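Reading the structure
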There are 2 protein chains.
Amino acid sequence: MACLLRVARGGLSPWRGYCSKGTQGALSEGFVEALKAVVGSPHVSTAAVVREQHGHDESMHRCQPPDAVSVAPEHRPGQPGWQPCNGQRVPIIPIGTGNGLEGGVCATQGGVCINLTHMDRITELNPEDFSVVVEPGVTRKALNTHLRDSGLWFPVDPGADASLCGMAATGASGTNAVRYGTMRDNVLNLEVVLPDGRLLHTAGRGRRSRKSAAGYDLTGLFVGSEGTLGLITAATLRLHPVPEATVAATCAFPSVQAAVDSTVQILQAAVPVARIEFLDDIMMDACNRYSKLNCSVAPTLFLEFHGSKQALEEQVQRAEEIVQLNGASHFSWAKESEERSRLWAARHNAWYAVLALRPGCKGYSTDVCVPISRLPEILVRTKEELKASGLTGAIVGHVGDGNFHCILLVDPEDADELQRVEAFAEELGRRALALHGTCTGEHGIGLGKRQLLREEVGPVGLETMRQLKATLDPRGLMNPGKVL
Amino acid sequence: MACLLRVARGGLSPWRGYCSKGTQGALSEGFVEALKAVVGSPHVSTAAVVREQHGHDESMHRCQPPDAVSVAPEHRPGQPGWQPCNGQRVPIIPIGTGNGLEGGVCATQGGVCINLTHMDRITELNPEDFSVVVEPGVTRKALNTHLRDSGLWFPVDPGADASLCGMAATGASGTNAVRYGTMRDNVLNLEVVLPDGRLLHTAGRGRRSRKSAAGYDLTGLFVGSEGTLGLITAATLRLHPVPEATVAATCAFPSVQAAVDSTVQILQAAVPVARIEFLDDIMMDACNRYSKLNCSVAPTLFLEFHGSKQALEEQVQRAEEIVQLNGASHFSWAKESEERSRLWAARHNAWYAVLALRPGCKGYSTDVCVPISRLPEILVRTKEELKASGLTGAIVGHVGDGNFHCILLVDPEDADELQRVEAFAEELGRRALALHGTCTGEHGIGLGKRQLLREEVGPVGLETMRQLKATLDPRGLMNPGKVL
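Scope of this entry: the structure provided in the associated data block. (Residues numbered from 1 in each chain as written. Chains lettered and ligands numbered in written order. Predicted model: local features only at pLDDT ≥ 70, side-chain atom pairs only at ≥ 80, totals over all residues. Heavy atoms only, no water.)

Attention now goes to the overall build of chain A. Looking only at helices and strands, chain A features 16 helices and 18 strands. Relative to the globule expectation of 23 Å for 484 residues, the C-alpha radius of gyration of chain A, 22 Å, shows essentially globular dimensions. A principal-axis box enclosing the C-alpha atoms of chain A has dimensions of 70 × 55 × 45 Å. Out of the 484 residues in chain A, the part that is buried amounts to 62%. The long-range share in chain A, meaning contacts at least 24 apart out of those at least 6 apart in sequence, stands at 71%. (Helix = DSSP H or I, 4+ residues; strand = E, 2+ residues; numbered from the N terminus. Rg over C-alpha atoms; globule rule 2.2 N^0.38 Å. Buried < 20%, exposed > 50% of the residue type's maximum accessible area, 1.4 Å probe, protein only. Contact = heavy atoms within 4.5 Å.)

If you want it as structure tokens, here you go:
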């Protein structure tokens, strides 16, 4: 993996075609040697190319490489590796698959990036208890492949084949959240290396009961903490039975309003839809081209239903009635597994389909989430403003949760366009807050939304979060500059 | 309400027939006057009878009255009331309906008990968003009565008609959790008065979107914190559509093992059961007598299914096949609302039904929760040991979550029996921990399970919880002596 993202002066300012050099000079001379001595020499690198590989995620945030990269040994992370960092106050930045969209791995203050992808064992599977324990290198797809014959699956699906512990750290969700919940609902326990090197089991060592009322919810505190409170080295996840049958469908609508109204009505009718995704006309056009679909270029819903064959029929019938009342046409069923896979692959490739609309451009994804009743209003307005702005962008979203993304294109050479994208994204975030929503449904705060977080949680909320950070990470070593 | 629970020297030691007098002398002379000046004279009482009413919950923990009781004014809690407490380091103990089972309201260090039951407004209902905002005096039943014509309901049901904010503070769950989740899954936002008097909105002021990845999960931190981090003055809750149809059933089994095996198999078959409660033979006998049921005196499951009429038929058929394979007999359906209500009233009165087995005795409820696969083993063993112990006790539980209660009877005059009950409960807690479970599924830690919490979360977990407490409540004013 080369350093695909280039350095810039500010958050979203133009690329200069190089990666910043980090603060390597700041490391004391003996530090890397000390690190090698405890972690093992082959597991530490300060080569520029390696550092650059680890200085960015999939977002437009400029590449900020760490001073050194330490690859956590195959199985247990060398807790001793903590000692040199802690002793010399060197920042620690955990990285998994690097699929983040908010610059969560940028080494804003240099430091050591710990690459966890080699810790990739599924250490415990308890099919009868619907639970599994995974190391941080295990990805969503790897887990589901492992579970193939167990009758179980892990439904949280952010699109990318992200590492599950990374998904826990981000508080990820995705297309199945409307039915199965987000990472918050599906993590039972976490093993965390605290900034001082101690090992914490957030729900007690080995616990995997479905619920507990024993003390403060430490698991919940670490889910979504974006690596700023400690390094997740294992996660106990909740599994779900594979549905007996699955049906997917697409349907095109005469307007954005009609598509979103249908979503709200399907939820209100208590149809237990598993996925309900909105794609606007621009997005459908992009998907048709990129993924060779043959769908109408119109506001569209992708739906999926899970259940017994009998239950499915009823769900589908109810949903069909609702969408037809809202003027849907081109209702198209995908009952076969292959056909469904093609549909969802197209949905998952929406990001790349938009990028392909203007080759050479970079993408930026907004991530607001609002109460479902405010969704038609904000979506319709966003669509209008996008048109008026002259920007190139498409809308796609997990509308069953009230969460949608505006994927905007930016010419890296066009500083003005970049500024307009930034302004558009910030205004959209504020509009969501005014409608009792959040600036981020699933991507996290990272580097770019810290001002919006301030506005969202208010001074007391922000101060409380700062106090928690200062308590658990008094030296500010864990992934500094993120979230707060 | 008189002081039903009497003082004792230790946790579960015999009652002496009086309430302790608290530490009222410790309050400075001008304190109560200062409190009256800011809260309003009619809202403060130091009368012994009022203090005693507020010094206990429904558990056997001895009544420990506060030094003063402050009734929060009808609508907004007088934040200024905080100033005298904070200035003079006087403990603050919040109380709602007082239905706790772990001594969570006992004023172990005296202080001011804040009674929140008069703050009983439902301040905001957003039916389209499936959300509602309630003040701390609103109970579960009051909310559901209010929702009667909305097509929505709040499913978390711990049996007692507890206040919803109290349920949030305890991390309560109950009979519907297997399908609808616990309070952790159903609280979207909390308004909390922090120990220094500042007002915190855990998810940002007014936010009610279904999900968020914005910063640390402060809502999750306060759910289940048992009043030790701040005082909850409003909760935004997630509502659910009222099911189109509901069917309940009881079925008797030849053995505990057969009943619990059926539970595990029903879950594994992905039947979306809404309630699945186990009652042992002693409990069934007690319920027959107390609630005038006519059920077999045998290990029994109470089941409930929610869904469309068509979906229900299928669920019921699958469940019926499974229980019959496990030898169930006397399968009895309750399709009418009245019949169902009678059944669940009997289930909810299980506590009183057991108390009626030996009039004059007090009850003590254990609350372990284990991974579902370990449930047959621990339930069968607990049943055997209960028999061998010579204690009077019955078992009832939310077995779909792996959570069950052993309701044990104690003669208040029999110190030996009390010790045996204590030992039995502690050993059961340890057995659950050994099976990867928790000492408390839904009652919380309170006063009595602090040693078990230490064992459950380990030294690092406990130290982390202590750090959080010290950070958010540096003077240790909020409900001291609980949880940690």
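Right, let's get into the relation of the copies chain A and chain B. Least-squares fitting of chain A to chain B yields an RMSD of 0.0 Å, with the superposition described by an axial translation of 0.0 Å and a rotation of 180°. On this basis, the relationship between the two copies can be described by a two-fold rotation axis. Both copies present the same face, since 99% of the interface residues in chain A are matched by interface residues at the equivalent positions in chain B. (Least-squares fit on C-alpha atoms with pLDDT ≥ 70 in both.)

Next up on the list: the nonpolar core. Residues L143, M183 and L237 of chain A together with L143, M183 and L237 of chain B are the most contacted members of the largest nonpolar core, which totals 191 residues. When residues no more than four places from it in sequence are discounted, the contact partners of L237 of chain A are F130, S131, V132, V134, L143, F154, L164, M183, N186, V187 and L188 of chain A. Within the second largest apolar cluster, 23 residues are counted, among which are L279, C295, W344 and C361 of chain A. (Core = buried A, V, L, I, M, F, W, Y, C linked by side-chain atoms within 4.5 Å.)

Looking now at the packing of helix α15 (residues 415-434) of chain B against helix α16 (residues 450-472) of chain B. Think of two packed helices as two axes; the pair is described by the angle between the axes and how far apart they sit. Residue and element names in this part refer to chain B. For the pair α15 and α16, the least separation of the axes is 10 Å and the interaxial angle reads 15°. The orientation of α15 with respect to α16, classified from their angle, is roughly parallel. Crossing of α15 over α16 shows right-handed handedness. Across from E426, G429, R430 and L433 in α15, the residues of α16 making contact are Q451, L452, E455 and E456. In the contact of α15 with α16, the residues fall into two nonpolar, two polar and four charged. (Axes fitted to C-alpha atoms, helices over the stretch in contact; angles between N-to-C directions. Parallel < 35°, antiparallel > 145°, perpendicular 65-115°, else oblique. Left-handed = near helix turned anticlockwise from the far one by under 90°. Nonpolar A, V, L, I, M, F, W, Y, C, P; charged D, E, K, R; others polar.)

Residues and elements named next belong to chain B. Sheet architecture is open: five strands sit in the order β5-β6-β10-β8-β9, paired in antiparallel fashion. Edge strands, defined here as strands with exactly one partner in the open sheet, are β5 (122-126) and β9 (199-201). Strand-to-strand twist in this sheet, taken as the mean axis angle between neighbours without regard to direction, amounts to 10°. Sheet topology note: the β5/strand β6 (residues 131-134) ladder contains four bridges and is antiparallel. Paired with I122 across the bridge in β6 is V134. (Pairing = 2+ DSSP bridges.)

Take the interface of chain A and chain B next. In this assembly, 83 residues from chain A lie in contact with 83 residues from chain B. Here chain A meets chain B over a buried area of about 6600 Å², counting both sides, of which 57% is carbon and sulfur. Of all residues in chain A, K211, A213 and Y216 of chain A bury the most surface against chain B, accounting for 14% of the area lost on that side. At the boundary of chain A with chain B, the tally comes to 12 salt bridges. For E244 of chain A, the salt bridge identified is with R318 of chain B, shortest N-O distance 2.6 Å. (Buried area = accessible area lost by both parts, 1.4 Å probe. Salt bridge = Lys/Arg side-chain N within 4 Å of Asp/Glu carboxyl O.)

With that settled, consider the side chain of R347 of chain B. Residues and elements named next belong to chain B. Position of R347 relative to the elements: it lies in helix α12 (residues 337-348). In terms of polar contacts, R347 uses its side chain to reach the side chain of E277, at 2.8 Å. Residue contacts for R347: discarding those within four places in its chain leaves T175, E277, L279, F302, V396 and H398. (Polar contact = N/O pair within 3.5 Å; in protein donor to acceptor, adjacent residues only side chain to side chain.)

On to unusual backbone geometry, then. Leaving glycine out, the prevailing phi sign among residues is negative, and the prevailing peptide bond configuration is trans. With a phi angle near 60°, A270 of chain A is a residue other than glycine that sits in the positive phi range. As for its position among the elements, A270 of chain A is in the loop between α9 (256-268) and β13 (275-279). Phi is positive for R89 of chain B, close to 55°, though the residue is something other than glycine. With respect to the secondary-structure elements, R89 of chain B resides in the loop between α3 (82-87) and β3 (92-95). What makes R89 of chain B exposed here is its relative accessible area of 54%.

Moving on, we come to the sheet that holds strand β8 (residues 187-193) of chain A. Residue and element names in this part refer to chain A. One open sheet accounts for five strands, arranged β5-β6-β10-β8-β9; its pairing is antiparallel. Of all strands in the sheet, those bounded by a partner on one side alone are β5 (122-126) and β9 (199-201). Each neighbouring strand pair of the sheet contributes to a mean axis angle of 10°, computed without reference to strand direction. In this structure, β8 lies alongside strand β10 (residues 231-238), joined through six bridges in antiparallel fashion. When the sheet's bridge partners are listed, E191 is paired in β10 with A234.

Let's shift gears to helix α10 (residues 281-291) of chain A. Residues and elements named next belong to chain A. Listed as buried for α10 are M283, M284, A286, C287, N288 and S291. Where α10 is buried, its residues touch β13, β14 (300-307), α12 (337-348), α13 (350-355), β17 (393-398) and β18 (403-410). Its side-chain oxygen placed 3.3 Å from the backbone nitrogen of I282, D280 serves as the N-cap of α10. Taken from the residues just after α10, K292 is the one with a positive phi, measuring 55°.

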